[in-house]
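# Coordinates in review
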Amino acid sequence: MSSLVEQSKKLAAYKAVDENLKDSHSVVGVGSGSTVVYVAERLGQLEHKSSFVCIPTGFQSKELILSNGLRLGSVEEYSSIDIAFDGADEIDSQLNLIKGGGACLMQEKLVASCSKQLFIVADYRKRSPEKLGHAWRQGVPIEVVPAAYNKVLNDLKNLEGYKSAKVRYGGTFKAGPVVTDNSMFIIDADFGEIPVEKVSTLHSQIKGLVGVLETGLFANMTTTAYIGNEDGSVATLTL
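Below or above, wherever it landed, is the structure these notes cover. Here, residues in each chain are numbered from 1, in the same order as that chain's written sequence. Per-residue local features are limited, in this predicted model, to residues with pLDDT of at least 70; the limit for side-chain atom pairs, both in listing and counting, is 80 or more; totals at the level of whole chains, interfaces and linings are taken over all residues. No hydrogens and no water enter the side-chain calculation; it runs on all heavy atoms of the structure.

With that settled, consider unusual backbone geometry. At Leu95, a position not held by glycine, the phi torsion is positive, near 65°. Runs of H or I in DSSP of at least four residues are treated as helices and runs of E of at least two as strands, each being numbered from the N terminus. Position of Leu95 among the secondary structure elements: in the loop between strand S5 (90–91) and strand S6 (97–98). Despite not being glycine, Ala103 has its phi angle at roughly 65°, a positive value.

The term salt bridge refers to a pairing of a side-chain nitrogen on Lys or Arg with a carboxyl oxygen on Asp or Glu at a separation within 4 Å. Throughout the structure, instances matching the rule amount to 14 salt bridges. Note that Lys99 is salt-bridged to Glu108, the shortest N-O span being 3.4 Å. Each member of the pair, Lys99 as well as Glu108, carries the same accessibility label: buried. Here Asp123 makes a salt bridge to Arg125, at a shortest N to O gap of 2.8 Å. Overall, the relative accessible area of 0% leaves Asp123 in the buried class. When a residue's accessible area, from a 1.4 Å probe over protein chains only, is under 20% of the maximum for its type it is buried; when over 50% it is exposed; and in between it is partly exposed. Arg125 gets classed as partly exposed once you look at its relative accessible area, which sits at 37%.

Right, let's get into the nonpolar core. In this structure, Ile142, Leu156, Ile187, Phe191, Ile194, Ile206 and Leu217 are the most contacted members of the largest nonpolar core, which totals 24 residues. For this core, the secondary-structure elements that each account for two or more residues are strand S8 (140–144), helix H5 (149–156), strand S10 (185–190) and helix H6 (199–207). For Ile142, the residues in contact, after removing those within four places along its chain, are Leu105, Leu156, Phe185, Ile186, Ile187, Ala189, Ile206, Val212, Glu214 and Thr215. What we call a nonpolar core is a set of buried Ala, Val, Leu, Ile, Met, Phe, Trp, Tyr and Cys residues that are connected through their side-chain atoms within 4.5 Å. Of all hydrophobic cores here, the second largest spans 23 residues; its members include Val28, Val30, Cys54 and Val121. Contacts are residue-level and defined by heavy atoms, with any inter-residue pair within 4.5 Å sufficient.

What makes two strands pair is DSSP finding at least two bridges between them. Strands sit in the order S5-S6-S12 across an open sheet of 3 strands; the sheet is antiparallel. At either margin of the open sheet sits one strand with a lone partner, and together these are S5 and strand S12 (217–218). Bridge analysis of S6 against S12 gives 2 bridges, and the strand direction is antiparallel. For Ile98, the partnering residue across the bridge sits in S12 and is Leu217.

Here you go:
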């Protein structure tokens, strides 16, 4: 990965933290992904870092919290979160998101739904000119109960826009399917480019299938995203 991409991630993450974290915030959600590495890094540099507790969205973010000397909490302890920072696999023109490329979508959505404010940080490659599914071609991640994966694969075929779906496998690092932190499987379902006005409906249709725990479609969950551009600037997208 180029140093320009890494620099853009860092710039976006630092700006999001610097502009939005307040001294009054006592509970902070820390998401997953490569850009959130820099969110945790910035949080760890703050002099008042002992005054807030950080809530992870999975194993990776738990490790980031601990390695940066931050206080670790859990969503079981803190179901009301003042502010959260997370990444995205793709962002559309209305700040709907595809998440779950790292297989943490359920816990990411849980933390996001507990948060009073959710700020997204990403590099320029994650910004779609309009629709989800434009650059992110791997499909919509769906977390499913292992026993139900075959039924869900068949049921998805009946949904509008369906093109294909498959269980995500671990590749050379694991024989068999990817298993999430919740001991679930991941199905990646391709619906092509998803019109902005249909994101919420598609999420509801998939979520309504028996065996589906959660989808990687995040509709109407954030109003601000920080995008690190290739030229070193940071674009702030708001609704």
